[in-house]
Every structure is written in structure tokens, then in C-alpha cells.
Amino acid sequence: MGKKDDIIERAARMIDAARKVVTLTGAGISVESGIPDFRSPGGLWTRYDPVVYATFESFISDPSKFWEMAADLHPLLENAEPNPAHLALAELERLGKCDAVITQNIDHLHQRAGSTVVLELHGTYRTGTCLACRKQHTYEQIKVSAFQGEIPRCLSCGGVVKPDVVLFGEPLNASVLQRSNELASECDLMLVIGCGLEVYPAASIPTYAKRAGANIIFVNIASTPYDPIADLILLGKAGEVLPKVVEEYKKITTGGRRHFGIWKSKDN
Ligand code: APR
């Protein structure tokens with residue numbers, strides 16, 4: 001068995017031994033669905049300065065900048081399909097080995113893959129809210145003008161519509177963040193997939209899990225500032241690595257390689 005296979009098996013055995021598994025995902029898990037991440041070469045912030053295009057302040061002063069960037073992104077979001085990594089996490093949930101997905105992504109791909117417990121830390125592109133009268137709009141109501149790079153206007157009052165994504169300088173939904181931190185503190189295994197861990201408060205979530213005694217598994221194509229807290233790092237594309245881990249987990253749990261249901265934990 002090669003080194004890579006051994007790490008895959010170790011990850012599968014950690015999942016098998018875990019009582020409660022919680023997953024944190026970032027843009028990296030959706031790159032294989034055709035949606036660029038933010039900070040890798042060619043990422044969104046290498047093409048659009050987030051200070052100009054993606055802060056709450058810049059949106060209020062000139063929403064056309066954000067919607068200009070959105071016109072570039074919307075076709076990618078619309079055409080994106082869940083990739084094998086999203087599907088693998090949905091299967092882990094069905095196998096009882098993923099209690100929740102905490103995602104920083106706004107692309108709705110976890111839900112479309114079949115994950116049913118998804119906390120969207122940074123909101124969603126699927127709805128928008130009028131900044132004047134707070135009326136909610138669906139993406140279909142927004143996209144006509146947004147696709148033409150125009151500023152979507154409220155259907156009721158004509159005010160500016162802002163998508164329900166969290167921009168820099170904007171607070172996260174307090175209850176979503178609180179629940180995410182609770183889940184991190186309750187789990188005994190956290191999978192951290194495609195996260196650059198450079199943006200807070202999301203970047204703190206693996207640390208909460210670690211402090212609570214959880215094992216931490218990173219899946220990434222590169223290193224992150226938090227690699228030292230990882231118990232296992234699976235270097236590779238999420239869409240390639242995660243399906244292998246799930247297949248190995250199913251082999252372990254159905255192939256009789258477990259010791260009669262009494263699992264030797266990592267401590268003995
Ligand atoms: N498989 C696994 N990991 C990948 C893949 C892949 N195919 N492709 C890229 N990655 C990794 C990168 O190495 C990087 O560590 O995914 C991570 C993406 O990091 P960022 O681009 O910083 O994205 P993210 O961590 O989601 O950013 C967090 O910052 O700009 C804000 O709101 C935005 O939600 C975003 C937040």
C-alpha cells in the first residue's frame with residue numbers, strides 16, 4: 001500500500017472512530033465545479049480588488065462595482081454542478097458520518113449535492129434584499145439585470161438590491177456563526193476542506209474544534225497557516241481525495257476489517 005493509500009485509510013479510520021463529524025468547507029471544494037477560489041493563482045481576488053469590489057462600504061457607495069464582478073461570476077455559478085467532493089460529503093451524511101457542513105461558499109452546491117444540514121457562514125447568492133425596504137428577492141428576480149451588469153432594483157420600491165452574501169466589513173449572521181461554533185466544540189472530528197483559513201471568524205472554527213479535543217483532517221492542494229493543528233493532511237484535489245476516503249470508509253465498515261465492532265481508538 002502506497003503512502004497516499006495509507007493516509008486515505010487513516011482518514012477513513014478516523015471517520016469510523018468518530019462519534020460526531022463536522023465539516024468546514026471553503027472555495028477550494030468548488031474549484032472542480034468551475035468556480036474559481038479567491039486567493040490561489042487566477043482566483044477572484046487576483047482579478048478583482050476586494051477593497052473596490054467586495055466590501056459593504058464599497059457596495060453602499062457604488063453598487064455597480066459589485067454587480068460588474070457578479071456579471072462575470074453568475075454564469076459560473078449558474079453552470080456549476082456539484083463535484084465528487086460535494087457528493088462524497090452528502091454520502092458521508094447519509095452514512096451518519098457528517099452531522100453538518102459549515103460552508104464559506106455561497107454557491108449552494110452542498111445542498112444540490114444532497115447535504116441537508118448546511119450552515120452558510122457567508123450567505124448565499126440565491127436571494128437578495130432591498131437596502132431600502134428590506135424586501136427579499138429571488139435570484140431569478142435579480143439575475144435579469146445583474147447579467148447585463150446593471151444594478152438590480154427592488155420590485156417594490158426601486159431601491160438597490162444587495163445579494164444575501166456577506167461582504168467584507170459586514171457582520172455574519174449571528175445565529176449561524178453561533179451554531180457553527182457550537183458544532184465545532186461538540187464534534188470529535190472536523191474535516192477542513194478547500195479552506196485557505198485566512199479570513200475570520202471562519203478561520204477560527206477549526207481551532208475551536210481542536211480545543212474541544214477533536215481530531216482535525218485538512219484536505220487541500222496547498223499548505224495553510226493552520227497546518228500545525230491538523231492531525232492529518234490529505235494533499236490533493238478535494239474531488240479526487242474525498243471520494244477515495246468515503247470508499248475506504250465503506251470498505252472498512254462493511255468489509256469486516258473492523259474488530260467485531262469494538263474499534264481500537266488511536267489511544268490504545
Ligand atoms: N481541492 C482542495 N483544495 C483546493 C482546491 C481543490 N481542488 N483548489 C484550491 N484549493 C484550496 C487552496 O489551496 C486554498 O487553500 O482552497 C483554498 C481556497 O482558499 P481561498 O481562495 O482563500 O478561499 P476561502 O478559504 O474559501 O476564502 C474564505 O474569504 O474572500 C472571502 O468570503 C470569501 O468565503 C471566502 C473567504
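As a reminder, the structure under discussion sits directly above these lines.
On a predicted model such as this, the values are computed, not experimentally measured, just so you know. As a convention, each chain's residues are numbered from 1 in the sequence order in which they are written. pLDDT decides what is reported in this predicted model: residues at 70 or higher carry local features, side-chain atom pairs at 80 or more are listed and counted, and totals for whole chains, interfaces and linings draw on all residues regardless. Think of the side-chain values as coming from all heavy atoms in the structure, minus any hydrogens and water.

Considering the overall build of the chain
Alright, step 1. The helix and strand inventory of the chain stands at 11 helices and 9 strands.
Alright, step 2. For the chain, the C-alpha atoms occupy an extent of roughly 65 × 30 × 30 Å along the three principal directions.
Alright, step 3. Only protein chains enter the accessibility calculation, which uses a 1.4 Å probe; a residue whose area is less than 20% of its type maximum is buried, one above 50% is exposed, and one in between is partly exposed. Considering the chain as a whole, with its 268 residues, one finds that 50% of them fall into the buried category.
Alright, step 4. Here the analysis covers contacts within the chain between residues at least 6 apart in sequence; of these, 66% occur between residues at least 24 apart.
Alright, step 5. We get accessible surface area from the Shrake-Rupley algorithm with a probe of 1.4 Å; when it comes to residues, only the shown protein chains can shield them. When the accessible surface of the chain is split by element, carbon and sulfur atoms take 54% of a total near 12,500 Å². Numbering of helices and strands runs from the N terminus; a helix is a DSSP stretch of H or I covering at least four residues, while a strand is a stretch of E covering at least two. A contact between two residues is defined here by any heavy atoms of the two lying within 4.5 Å.

Description of the packing of aromatic side chains
Alright, step 1. In summary, the pairing rule links any two rings of Phe, Tyr or Trp, Trp by its six-membered ring, whose centres are within 6.5 Å, and it sorts them by plane angle into stacked for under 30 degrees, edge-to-face for over 60 and tilted for everything else. Under the criterion given, the structure shown has 6 aromatic pairs.
Alright, step 2. Seen in terms of ring centroids, Phe38 and Trp45 are 5.0 Å apart; in terms of plane orientation they differ by 35 degrees. Their pairing is tilted.
Alright, step 3. Among the aromatic residues, those joined into a cluster by ring pairs are Phe38, Trp45 and Phe168.

Focus on the site of the ligand
Alright, step 1. Ala27, Arg39, Trp45, Gly196 and Asn220 are the nearest of the 23 residues found near the ligand.
Alright, step 2. Arg39 places a side-chain nitrogen or oxygen 2.7 Å from an oxygen atom of the ligand.
Alright, step 3. Here a polar contact means two N or O atoms within 3.5 Å. Within protein one must be a hydrogen donor candidate and the other an acceptor candidate, and residues neighboring in sequence count only if both atoms are side-chain atoms. A distance of 2.7 Å separates an oxygen atom of the ligand from a polar atom in the side chain of Asn220.
Alright, step 4. For the ligand, the protein covers 93% of the area, taking 730 Å² as the surface of the free molecule.
Alright, step 5. Residue polarity is assigned by list, with Asp, Glu, Lys and Arg as charged and Ala, Val, Leu, Ile, Met, Phe, Trp, Tyr, Cys and Pro as nonpolar; anything else, Gly included, falls into the polar class. Its residues placed into classes, the shell around the ligand shows 10 nonpolar, 9 polar and 4 charged. Summary of the distance rule: residues count as near a molecule or strand when at least one heavy atom falls within 4 Å of that molecule or strand.

Details of the pairing of strand E4 (residues 123-130)
Alright, step 1. Where burial is concerned, most of E4 is hidden: 6 out of the 8 residues are buried.
Alright, step 2. For two strands to pair, DSSP has to find at least two bridges joining them. Here 4 bridges tie E4 to strand E6 (residues 161-165), and the two strands are oriented antiparallel to one another. Considered in E6, the bridge of Cys130 is made with Val161.
Alright, step 3. Pairing of E4 with strand E5 (residues 136-138) involves 3 bridges; the strand directions are antiparallel. Bridge pairing in E5 links Thr127 to Thr138.
Alright, step 4. Counting the residues that bridge the hairpin from E4 to E5 gives 5 residues, and of these Arg134 lies at a positive phi of roughly 70 degrees.

A look at the packing of helix H6 (residues 84-94) against helix H11 (residues 238-254)
Alright, step 1. Running from N to C, H6 and H11 cross one another at 30 degrees; their axes reach a closest spacing of 7 Å. Compared by their axis directions, H6 and H11 come out roughly parallel. At the point where H6 passes H11, the crossing takes the left-handed sense. The segment H6 lies against H11, with Pro84, Ala85, Ala88, Leu89, Glu91 and Leu92 engaging Ala238, Gly239, Leu242, Pro243, Val246, Glu247 and Lys250.
Alright, step 2. Here the contact of H6 with H11 is composed, by residue class, of 9 nonpolar, 1 polar and 3 charged. Every angle, taken between N-to-C directions, lies between 0 and 180 degrees, and every axis is a line fitted to C-alpha atoms, over only the stretch in contact when it is a helix. The cut-offs work like this: below 35 degrees is roughly parallel, past 145 is roughly antiparallel, 65 to 115 is roughly perpendicular, and the gaps in between are oblique. A clockwise turn of the near helix away from the far one marks a right-handed crossing, whereas an anticlockwise turn of less than a right angle marks a left-handed crossing.

Brief notes about H6
Alright, step 1. When we look at burial in H6, the residues that qualify are Ala85, His86, Ala88, Leu89, Ala90, Leu92 and Glu93.
Alright, step 2. Along its buried surface, H6 packs onto helix H1 (3-17), strand E1 (21-25), strand E2 (100-103), helix H7 (109-113), strand E7 (189-193) and H11.
Alright, step 3. With a side-chain oxygen lying 2.7 Å from the backbone nitrogen of Ala85, the N-terminal cap of H6 falls on Asn83.
Alright, step 4. Gly96 occupies a position one or two residues after H6 and carries a positive phi of about 80 degrees.

Brief notes about empty space enclosed by the protein
Alright, step 1. The pocket and cavity definitions rest on a 1 Å grid over protein atoms only: a 1.4 Å probe that fits but cannot leave marks a cavity, an open set with protein on both sides within 12 Å along at least five of seven lines marks a pocket, and residues lining either have an atom within 4 Å of a point. Grid points are joined across faces, edges and corners, and a volume is the space filled by probe spheres set on the points. Enumeration over the complete set of coordinates arrives at 1 cavity of 30 Å³ or more.
Alright, step 2. When its volume is computed, the largest cavity comes out at roughly 40 Å³.
Alright, step 3. Every residue lining the largest cavity is listed: Ala11, Ile15, Leu191, Ile217, Val219, Leu234, Leu242 and Val245.
Alright, step 4. Looking at the lining of the largest cavity, the elements with two or more residues in it are H1, strand E8 (215-220) and H11.
Alright, step 5. Among the residues making up the lining of the largest cavity, the classes are represented as 8 nonpolar, no polar and no charged.

Observations concerning the packing of H1 against H11
Alright, step 1. Orientation of H1 relative to H11, taken along the N-to-C sense of each, is 60 degrees, at an axis distance of 8 Å. Judged on the interaxial angle alone, H11 and H1 are oblique. Here the hand of the crossing between H1 and H11 comes out right-handed. Of H11, the residues touching H1 (which contributes Ile8, Glu9, Ala11, Ala12, Arg13, Ile15 and Asp16) are Val241, Lys244, Val245, Glu248, Tyr249, Ile252 and Thr253.
Alright, step 2. Residue classes in the contact of H1 with H11 are distributed as 8 nonpolar, 1 polar and 5 charged.

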